[in-house]
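# Coordinate inspection notes
The chain contents come next:
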Amino acid sequence: MMIGNSTASLNNSTAGLTLRRRMDLSVPTFALLAIVLGILVLLPLFWLVYYSFRSDTGGGATLDNLAALVTDASLIRAYLLTIGMALGVGVIAGVVATPMAWLVARTDLPGRRYIRMLVTASFVTPPFLGAIAYEILAAPNSGIVNIAYRAVFGLERGENLVNIYTFSGLVFAIACFTFPYVFTLVANALDKVPSDLEDASAILGGKPMTTLRKVTFPLVLPAMLAGMLIATLQALTMFGSPAILALPAGFHVITTKIWSFFQFPPRLGLAAASALPLLFITVMLLRAQKSILGKRGYTVLGGKSGTPVITSLGRWKWLAITFVATVLCLTIFFPYAAIIKTAFTETVGDPINLSTLTLRHWRFVLFEFSATQLALRNTFVLGLLSATVVTGIALVVSHLVTRKAVWGSGLLGLLATAPVAIPGIVLGVGLFLSYANPTFRLYGTIWILLIAFVTIEMPAGYQQISAAFLGIHPELEEASRILGASRLRALWEITAPLLRTSVVTAWCFVFVGTIRELSATILLTTANTKLVSVIIYDLNESGDIGAICVLGIILLVASFGVVSVANMIPVLGVSKAKASN
């Protein structure tokens, strides 16, 4: 009798397990995500191509828009200036960041840890806010540097030492806020260079500089080149800094030229056609970056190596300190000081004393300027929604892809990564053409912005979480599956808690990226859907620099606050685990 009951119980358990496995939602989830990601990525590209062949006047098919790419002198000039600007930024970023990364990673430079933290923190600074900071510092008439220069030497108002409204000024301002890409990649590569190779060079009589030139530098060269390509790509697709610095100087780059086609009367076909070469160049640069990072000629084979060799700077220490301090001043200290000073004084050129200190700009922004409250609410609501949606989708997609849960799951990874090849301004054009039509009518609503932010930030969220998945062995999930849990339940109850730190980091990364986005946003906002980044751009056109600095400080404080909370999560998790034990 007991045997019969046990057999019946076993049969019931087996039947329940079979039923739960039949109810596995992996395939429907895969299909749903494939449709969602396909719509996010492919629909804007379809309409971009469609409108490229559509006449702006008659509405019929035409090749005039594509022909303009090689016949319109203003478009050709905009592309040439864009390419020159991007290459200049990439070279400057590489030349500045590579030696700085070496000083921080492989020498006895004082304060190395804090320098690395400061450079990493500069990622939070929106490039368009950095451009405004350099307007405050180096505008020809009102710039603080030029005011001080004229006061010291008794010169007339027309005389100036620096002028940020030039092509070289634009390249410099963008390079100041893109060099961290090169710095981070090179510093991380230097951390991983095996000291055994450098020790072998020293044993064979190689001097420190010879070892650096013939051993260390070749090993980190792929990382440096990849970082330079990323900096080049960032400059190539940037809208905010060129709009703030290039337009007053009287020239367009391609992103501002595309934006100009949306002014009255709009030329949507020409805007779509002008975006296609930028999309092509971006794809080529990303392929080049992947190829460089994947070169086998620089692969290091071996087991655990010794501690990295720390080079003593000796008599060169003060020169190194001066170099690093100069870079930090130009990229962090001076811009931040200019923004804070302007937020609390009447005008840009006022000295700081008790008579000039004021809260007028703060009162205006927080209480008098009607658009501020709406923009702040829109910005943070969209930041929260975008970060949550992207993190949720990225978590499920990463699980399906890394665990190969469904045949063809690699397609999801491809779709989730694809938007990284679509510049923000290009995506903005595609989304406008996709959702501003009578079918969807999303233009002028917050939903078109949510679609834009989810699409733009999806690659960042997916890459971070998928990398974390690779560090967790699937045995725990398999045990859960054996006990009858579905794949999604195993993900939610087993894997997700183990990925808590990575998930929170990805969420924060997406949130910060969302609230600083301008390239796509500038084409998709209306009076009712303005965001802080767009308000800052509008105020810059009206010349209200004090209010801009207040909004910039609010953005920076929010961004640094989110990053700080993200850094506290692992510590809180460890403390909680210790308390439970």
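Residues numbered from 1 in each chain as written. Predicted model: local features only at pLDDT ≥ 70, side-chain atom pairs only at ≥ 80, totals over all residues. Heavy atoms only, no water.

## Looking at the overall build of the protein
- From N to C terminus, the protein includes 26 helices and zero strands.
- Each of the 581 residues in the protein was classed as buried or not, and the buried ones make up 50%.
- Nonlocal contacts in the protein, meaning residues at least 24 apart in sequence, comprise 77% of its contacts between residues at least 6 apart.
- Only carbon and sulfur atoms are counted for the fraction: they give 67% of the accessible area of the protein, which is about 27900 Å². (Helix = DSSP H or I, 4+ residues; strand = E, 2+ residues; numbered from the N terminus. Buried < 20%, exposed > 50% of the residue type's maximum accessible area, 1.4 Å probe, protein only. Contact = heavy atoms within 4.5 Å. Areas by Shrake-Rupley, 256 points an atom, 1.4 Å probe, with all protein chains shown as cover.)

## What to know about empty space enclosed by the protein
- The final tally for this structure, using the stated rule, is one cavity of 30 Å³ or more.
- Within this model, the largest cavity holds a volume of roughly 40 Å³.
- If you trace the largest cavity, you find it lined by T379, L382, F453, T514, I515, E517, L531, V532 and S533.
- Elements represented by at least two residues in the lining of the largest cavity include exactly α17 (370-402), α23 (500-515) and α25 (532-542).
- Here the lining of the largest cavity is built from residues that sort into five nonpolar, three polar and one charged. (1 Å grid on protein atoms, 1.4 Å probe; cavity = no way out; pocket = protein on both sides within 12 Å on 5 of 7 lines; lining within 4 Å. Points joined across faces, edges and corners; volume = space filled by probe spheres on them. Nonpolar A, V, L, I, M, F, W, Y, C, P; charged D, E, K, R; others polar.)

## Topic: the environment of F323
- For F323, the position within the fold is in helix α15 (residues 317-343).
- Looking at F323, the relative accessible area reads 28%, which means it is partly exposed.
- Between the C-alpha atoms of F323 and V96, which are 227 residues apart in sequence, the distance is 9.3 Å.

## Re the packing of helix α4 (residues 73-106) against helix α8 (residues 167-176)
- At their nearest, the axes of α4 and α8 sit 9 Å apart, and the two run at 45° to each other. The angle between the axes of α4 and α8 places the two elements in the oblique class. As α4 runs across α8, the sense of the crossing is right-handed. Contacts between α4 and α8 involve L81, G84, M85, G88, V89 and I92 from the former and F167, L170, V171, I174 and A175 from the latter. (Axes fitted to C-alpha atoms, helices over the stretch in contact; angles between N-to-C directions. Parallel < 35°, antiparallel > 145°, perpendicular 65-115°, else oblique. Left-handed = near helix turned anticlockwise from the far one by under 90°.)

## A closer look at the environment of R441
- Relative to the elements of secondary structure, R441 occurs in the loop between α19 (424-435) and α20 (446-469).
- According to the relative accessible area criterion, R441 is exposed, its value standing at 64%.

## Thoughts on the packing of α8 against helix α12 (residues 240-249)
- Packing of α8 against α12 brings their axes to within 10 Å, and their N-to-C directions diverge by 155°. By the angle class used here, α8 and α12 are roughly antiparallel. Like other packed secondary-structure pairs, α8 and α12 cross with a definite hand, here right-handed. Here L170, A173 and I174 of α8 lie close against α12, whose contacting residues are S241, P242, L245 and A246.
- Its residues assigned to classes, the contact of α8 with α12 shows six nonpolar, one polar and no charged.

## Observations concerning α17
- The end-to-end C-alpha distance of α17, which contains 33 residues, comes to 48 Å, matching closely the 48 Å that a straight helix rising 1.5 Å per residue would cover.
- A positive backbone phi angle near 50° is found at K404, which sits one or two residues after α17. (Expected span 1.5 Å × (residues − 1).)

## Overview of the pattern of salt bridges
- Going through the model one piece at a time under the given rule, you end up with four salt bridges.
- Its salt-bridge partner being K317, residue D108 comes within 4.0 Å of it at the nearest N-O pair. Placement of D108 in the loop between α4 and α5 (112-121) and of K317 in helix α15 is noted, with a sequence separation of 209 residues between them.
- With a shortest N-O distance of 3.0 Å, R116 and D191 are connected by a salt bridge. A residue pair is termed long-range when its members are at least 10 positions apart, and R116 in helix α5 and D191 in helix α9 (residues 179-192) qualify at 75 residues.
- The partly exposed category is assigned to R116, whose relative accessible area is 25%.
- Note on D191: relative accessible area 34%, which makes it partly exposed. (Salt bridge = Lys/Arg side-chain N within 4 Å of Asp/Glu carboxyl O.)

## Let's talk about unusual backbone geometry
- A cis amide bond links F264 with the next residue in sequence, P265, at an omega value of -10°.
- Relative to the helices and strands, P265 resides in the loop between α13 (254-260) and α14 (268-293).
- The phi angle at R441 is positive, at roughly 55°, despite the residue not being glycine.

## A few points about the packing of aromatic side chains
- The full count for this structure, using the stated rule, is 18 aromatic pairs.
- For the ring pair F262 and F432, a centre distance of 5.2 Å and an interplane angle of 85° mean the geometry is edge-to-face. Residue F262 is found in the loop between α13 and α14, and its partner F432 is found in helix α19; the two are separated by 170 residues along the sequence. Taken as a pair, F262 and F432 share a single burial class, namely buried.
- For F432, a relative accessible area of 15% puts it in the buried group.
- A connected cluster of aromatic rings, assembled from ring pairs, spans F46, W47, Y50 and Y51.
- The ring of Y114 carries the charged tip of R113 above its face, separated from the ring centre by 5.8 Å. (Phe/Tyr/Trp six-rings, centres within 6.5 Å; stacked < 30°, edge-to-face > 60°. Lys NZ or Arg CZ within 6 Å of the ring centre and 35° of its normal.)

## Here's the deal with the nonpolar core
- Formed by 139 residues in total, the largest nonpolar core has its most connected members in L37, V397 and L412.
- In terms of residue count, α20 provides more of this core than any other element does, 13 residues in total.
- Leaving out residues up to four positions away in the same chain, V397 has contacts with L33, L37, L412, G413, A416 and Y462.
- Counting 31 residues, the second largest nonpolar core, distinct from the first, contains V186, V193, M224 and A320. (Core = buried A, V, L, I, M, F, W, Y, C linked by side-chain atoms within 4.5 Å.)

## Focus on the environment of Y134
- With respect to the element layout, Y134 can be found in helix α6 (residues 127-138).
- Separated by ten residues in the primary sequence, Y134 and I144 have C-alpha atoms spaced 9.5 Å apart.
- Aside from chain neighbours lying at most four places away, what touches Y134 is A139, I164, F172, C176, F177, L330, T331 and P335.

## Comments concerning the side chain of T107
- Structurally, T107 can be placed in the loop between α4 and α5.
- Only 2.4 Å separates the side chain of T107 from the backbone oxygen of L103, close enough to count as a polar contact.
- A polar contact of 3.3 Å, which involves the side chain of T107, links it to the backbone nitrogen of L109.
- In this structure, T107 is in contact with W102, R112, I310, T311 and L313, ignoring residues within four places of it in sequence. (Polar contact = N/O pair within 3.5 Å; in protein donor to acceptor, adjacent residues only side chain to side chain.)

## With respect to a nonpolar patch on the surface
- Residues V49, F53 and L63 make up a contiguous nonpolar surface patch of roughly 270 Å² in combined accessible area.
- Along the chain, L63 falls in the loop between α2 (26-52) and α3 (64-71). (Patch = residues over 30% accessible without salt bridge, like charges linked within 9 Å, V, L, I, M, F, W, Y side chains within 5 Å.)

## Description of the confidence of the model for the protein
- For the protein, per-residue confidence averages 84 on the pLDDT scale, and 82% of positions sit at 70 or higher.
- Per-element confidence in the protein ranges from a low mean pLDDT of 47 for helix α1 (residues 2-22) to a high of 96 for α8.
- Low pLDDT (under 50) marks residues 13-23, which in the prediction has eight contacts with non-local residues, meaning those over four places away or in another chain. (pLDDT = per-residue confidence, 0-100.)

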